[in-house]
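Architecture and fold: a report
The residues making up each chain are set out below.
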Amino acid sequence: MPPSSFLHTLSNEEFKMSVTWAPVPDGFVHGILLGYRIYYVMTQETGGKNASSTEVITVGPHEQSTTVTLKKFAKYTLEIAAFTIKGDGVKSKIKYGCE
C-alpha cells in the first residue's frame, strides 16, 4: 500500500512545489521503513518540447513533507513510494499536471 493523502501545492517560492503525504498504515510495511522516495518526471520542457527526465528525492521515515525544485515553464508528474532494505513498496497513483 502506498503512502496516502499524497498532495502537491505550489510553494510561495518561485519554481518550488511542496509535497506532503500520510505514512503507510501500520501492518502494510513489510520490514523496517527506511523512508520515502518521491519520483518526479519532467514531461514537457519550456517551449512545449516533450521530455522524460526522472528525478528522485529520498527522505527519512519520519518525514511527511518535502520541497521539490522545478524548472521554469516545465510540466511534471509525481509518484511516491515507501521503501525498506528490500526496495520500494507500491508507488502511489501518478499525479499529473504539476507545473
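Residues numbered from 1 in each chain as written. Predicted model: local features only at pLDDT ≥ 70, side-chain atom pairs only at ≥ 80, totals over all residues. Heavy atoms only, no water.

Moving on, we get to the pattern of salt bridges. In this structure the tally under the stated criterion is one salt bridge. Where aspartate 88 meets arginine 37, a salt bridge forms, and the shortest distance between an N and an O atom there is 2.4 Å. With aspartate 88 in strand β7 (residues 87-88) and arginine 37 in strand β3 (residues 35-44), the pair connects residues that are 51 residues apart, well separated along the chain. Look at aspartate 88 and you get partly exposed, because its relative accessible area is 32%. (Salt bridge = Lys/Arg side-chain N within 4 Å of Asp/Glu carboxyl O. Helix = DSSP H or I, 4+ residues; strand = E, 2+ residues; numbered from the N terminus. Buried < 20%, exposed > 50% of the residue type's maximum accessible area, 1.4 Å probe, protein only.)

Counting residues in each nonpolar core, the largest one holds 20 residues, and the members touching the most others are Val19, Trp21, Tyr36, Ile38, Tyr40, Tyr76 and Leu78. Those residues in contact with tryptophan 21 that lie beyond four places of it in its chain are Pro3, Ser4, Ser5, Phe6, Tyr36, Ile38, Val59, Glu63, Gln64, Ser65, Thr66 and Ile80. (Core = buried A, V, L, I, M, F, W, Y, C linked by side-chain atoms within 4.5 Å. Contact = heavy atoms within 4.5 Å.)

A surface patch of nonpolar side chains, about 360 Å² in accessible area, is lined by Ile32, Leu34 and Ile85. On the secondary structure map, leucine 34 appears in the loop between β2 (16-22) and β3. Of the residues examined, leucine 34 reaches a relative accessible area of 41% and is grouped as partly exposed. (Patch = residues over 30% accessible without salt bridge, like charges linked within 9 Å, V, L, I, M, F, W, Y side chains within 5 Å. Areas by Shrake-Rupley, 256 points an atom, 1.4 Å probe, with all protein chains shown as cover.)

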